[in-house]
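Descriptive structure summary
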Amino acid sequence: MSGTGVGSAAHHHRRETPMAERGDESLVHTLKKVAAVLKQEEIPFALGGSFAVYAHGGHSSDHDVDFLIREVDVERSLEALVAAGFTAERPPEDWLVKVFDDGRMVDLIHRPIETPVTEETFADTVVRPVDAIHMPVLSATQLMVHKLLSFSQHYCDFARGLPLARSLREQIDWERVRKETQHSPYAEAFLVLLDRLEVVPHSGTGEGEGTP
């Protein structure tokens, strides 16, 4: 899995700080255990969710551990994790499975935002240290796209997207975010909000890495 994400050098000195600030050592330990099993089994994966934001040096309002895997690898992943001591759960939703480590939940997502995880997904990652273990982490741009496309008439909590946008704005390719979310009125509204809050302009050329 090659890391080709946006802003690989940005905020280097802060990469691991947010996770330490959270003090959630048990969740970090669980995250590392899952990554170690997937690595050992040579199952391609990418870290997503709030810990991916922290790995980029950003902040998140969420408290979750998400890994992206391909649907073809779901069964093999569950078998390996169960053998390593995790318990597995298949929720009614057909886009993910869950594993538990002493009550701590990890989502294994194979179809985020109604889009299957593919090799292309893994190409849009950056290798980052997560509590001293290096692993592929979803790019800041893709994390923002996923967050915006999660907003709908059933869930539209912009307060959960603001910390991500503010803390990682220099690493995000905003032109790409606009293009990939242009079909969503909720995403458009969020981008207007970012403009009004002077976080990032709503229109214009792509700012991308290095834009203040």
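Everything in this summary refers to the structure shown in the same document. Just so we're clear, the structure is a prediction, and the values are computed from it rather than from any experiment. (Residues numbered from 1 in each chain as written. Predicted model: local features only at pLDDT ≥ 70, side-chain atom pairs only at ≥ 80, totals over all residues. Heavy atoms only, no water.)

Section: the overall build of the chain
The helix and strand inventory of the chain stands at nine helices and seven strands. By residue count, 49% of the 212 residues in the chain fall in the buried class. Residue pairs in contact within the chain that sit at least 24 positions apart in sequence constitute 67% of those at least 6 positions apart. Surface exposure of the chain reaches about 10100 Å², of which carbon and sulfur atoms provide 50%. (Helix = DSSP H or I, 4+ residues; strand = E, 2+ residues; numbered from the N terminus. Buried < 20%, exposed > 50% of the residue type's maximum accessible area, 1.4 Å probe, protein only. Contact = heavy atoms within 4.5 Å. Areas by Shrake-Rupley, 256 points an atom, 1.4 Å probe, with all protein chains shown as cover.)

Digging into the packing of aromatic side chains
Under the defined criterion, the tally for this structure stands at six aromatic pairs. Look at F151 and F158: their rings are 5.1 Å apart centre to centre, the planes differ by 55°, and that puts the pair in the tilted class. When sorted by exposure, F151 lands in the same class as F158, which is buried. Under the relative-accessibility criterion, F151 is labelled buried at 3%. Sitting over the ring of F86, K33 keeps its end group 5.3 Å from the ring centre. (Phe/Tyr/Trp six-rings, centres within 6.5 Å; stacked < 30°, edge-to-face > 60°. Lys NZ or Arg CZ within 6 Å of the ring centre and 35° of its normal.)

A few points about the pairing of strand β4 (residues 96–101)
Of all six residues that make up β4, six are buried, and the element is covered over most of its length. Because side chains alternate across β4, one face comprises the buried residues L96, K98 and F100, and the other comprises V97, V99 and D101, equally buried. The sheet contact formed by strand β3 (residues 87–89) and β4 spans three bridges and is antiparallel. By the bridge assignment, E89 is partnered in β4 with K98. Linkage of β3 to β4, two consecutive antiparallel strands, is achieved through a turn of six residues. What sits between the antiparallel neighbours β4 and strand β5 (residues 104–109) is a turn of two residues, in which D102 has the positive phi angle 55°. (Pairing = 2+ DSSP bridges.)

Re the pattern of salt bridges
In this structure the tally under the stated criterion is 16 salt bridges. Between K147 and D62 there is a salt bridge whose closest N-O contact spans 2.7 Å. Here the residue K147 occupies a position in helix α6 (residues 140–149), and D62 occupies one in the loop between α3 (49–55) and β2 (66–68), the gap between them amounting to 85 residues. Residue D62 is classed as buried on the basis of its relative accessible area of 13%. Here the salt bridges share partners, and the residues they tie into one network are D62, K147, D157 and R160. (Salt bridge = Lys/Arg side-chain N within 4 Å of Asp/Glu carboxyl O.)

Some remarks on the side chain of T125
Residue placement: T125 occurs in strand β6 (residues 125–130). The class of T125 is buried, set by a relative accessible area of 0%. From its side chain, T125 meets the backbone oxygen of F122 in a polar contact 2.7 Å long. (Polar contact = N/O pair within 3.5 Å; in protein donor to acceptor, adjacent residues only side chain to side chain.)

Digging into helix α2 (residues 25–40)
Between its first and last C-alpha atoms α2 spans 22 Å; for 16 residues at 1.5 Å apiece the expected length is 22 Å, and the two agree. Looking at α2, one finds that the buried residues are L27, V28, T30, L31, V34, A35, V37 and L38. At the exit of α2 stands E42, carrying a positive phi of roughly 55°. (Expected span 1.5 Å × (residues − 1).)

Examining the layout of surface pockets
In this structure, the largest pocket spans a volume of roughly 630 Å³. Considering the residues around the largest pocket, the lining is formed by 27 residues, among which D66, W95, I109, H146 and S150 are closest to the centre. Among the elements of the structure, α3, β2, β4, β5 and α6 are those that each provide at least two residues to the lining of the largest pocket. The greatest single-element share of the lining of the largest pocket, amounting to four residues, is contributed by α6. For the lining of the largest pocket, the class distribution of residues is 12 nonpolar, six polar and nine charged. Approximately 300 Å³ is the volume found for the second largest pocket. T115, T121, Q142, H146 and E180 are the residues nearest the centre of the second largest pocket, which is lined by 16 residues in total. Within the residue set of the lining of the second largest pocket, elements represented by two or more residues are α5 (119–123), α6 and α8 (174–181). With four residues, α6 is the largest single contributor of residues to the lining of the second largest pocket. Grouping the constituent residues of the lining of the second largest pocket by class yields seven nonpolar, five polar and four charged. (1 Å grid on protein atoms, 1.4 Å probe; cavity = no way out; pocket = protein on both sides within 12 Å on 5 of 7 lines; lining within 4 Å. Points joined across faces, edges and corners; volume = space filled by probe spheres on them. Nonpolar A, V, L, I, M, F, W, Y, C, P; charged D, E, K, R; others polar.)

The quantities given are spatial measurements derived from coordinates; they are silent on function.
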